[in-house]
Amino acid sequence: STDQWSFVTKYPSGGRSAMIAFVVDNKVYVGSGNSAPFGGAPSAEFWEYNPSTNTWIRKTDIPTARTDATAFVIGNKGYVVAGSGNSGNLLNDLWQYNTQTNTWTRKANLLGGKPRTEMVGFNIGNRGYIATGQTTDSTTTKILHRYMP
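Everything numeric here is computed off the predicted structure, so don't read it as measured data.

## Describing the pattern of salt bridges
Under the criterion given, the structure shown has four salt bridges. Glu48 is paired through a salt bridge with Lys59; the nearest N and O atoms lie 3.9 Å apart. Highlighted residues: Glu48 in strand E3 (residues 46–50) and Lys59 in the loop between strand E4 (55–58) and strand E5 (70–74), separated in sequence by eleven residues. A relative accessible area of 17% places Lys59 in the buried class. When the shortest N-O distance is used, the salt bridge between Arg66 and Asp93 registers 2.7 Å. Here Arg66 is found in the loop between E4 and E5, whereas its partner Asp93 is found in strand E7 (residues 90–98), with 27 residues between them in sequence. Among the residues examined, Asp93 registers a relative accessible area of 4% and is labelled buried.

Structure follows, in structure tokens:
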């Protein structure tokens, strides 16, 4: 049947909000977020969901715990950008996740080094983009940045 929702499975860790997700090779990668709405501690947990087997596998944690980050995919690698870290400090970092080796590699900081949170992320071809969000002075931004690996 169409135009309906159905239960599939539960997330294997504690409840989370403000997480990131991306898809590579028909597997879903989910992580970060916080353990309670509006102010829970940021998480570094990272999981892979395989819809063909309906299973979750714990992967290598994101190197820096964060919430309200964003993500995009270029080729067969996922990228996690910025967000809010411990003590509410905003981040401006970029991490590349290699799904084949289960490893994280630090990449270029955001243009201008200005931290952001609550952005949107997407890719077009072999480029990653982040747009909008909030800066350290709680100002919302209209900026669109492009990342070229």
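## A look at a nonpolar patch on the surface
Where nonpolar side chains cluster on the molecular surface, the patch consists of Val120, Phe122, Ile124 and Leu144 and spans about 350 Å² of accessible area. Counting residues per element, the nonpolar patch draws most heavily on strand E10 (residues 120–124), which supplies three residues. By the element assignment, Val120 lies in strand E10.

Calculation rules
Residue positions are counted from 1 within each chain, in the order its sequence is given. Restriction of local features to residues with pLDDT of at least 70 applies here, the model being predicted, together with a cutoff of 80 or more for giving and counting side-chain atom pairs; totals for whole chains, interfaces and linings are based on all residues. Note that water and hydrogens are dropped before the side-chain values are worked out from all heavy atoms of the structure. Basic side-chain nitrogens of Lys or Arg form a salt bridge, by our definition, when they fall within 4 Å of a carboxyl oxygen of Asp or Glu. What counts as a helix is a DSSP run of H or I of at least four residues, what counts as a strand is a run of E of at least two, and both are numbered from the N terminus. Relative accessible area decides the class of each residue, using a 1.4 Å probe on protein chains only: under 20% of the type maximum gives buried, over 50% gives exposed, and in between gives partly exposed. Only residues whose relative accessible area exceeds 30% and that form no salt bridge are eligible for patches; like-charged ones are grouped when within 9 Å, while nonpolar side chains (Val, Leu, Ile, Met, Phe, Trp, Tyr) are grouped when within 5 Å. The method behind every accessible area is Shrake-Rupley, applied with a 1.4 Å probe, and residues are considered shielded solely by the protein chains displayed.

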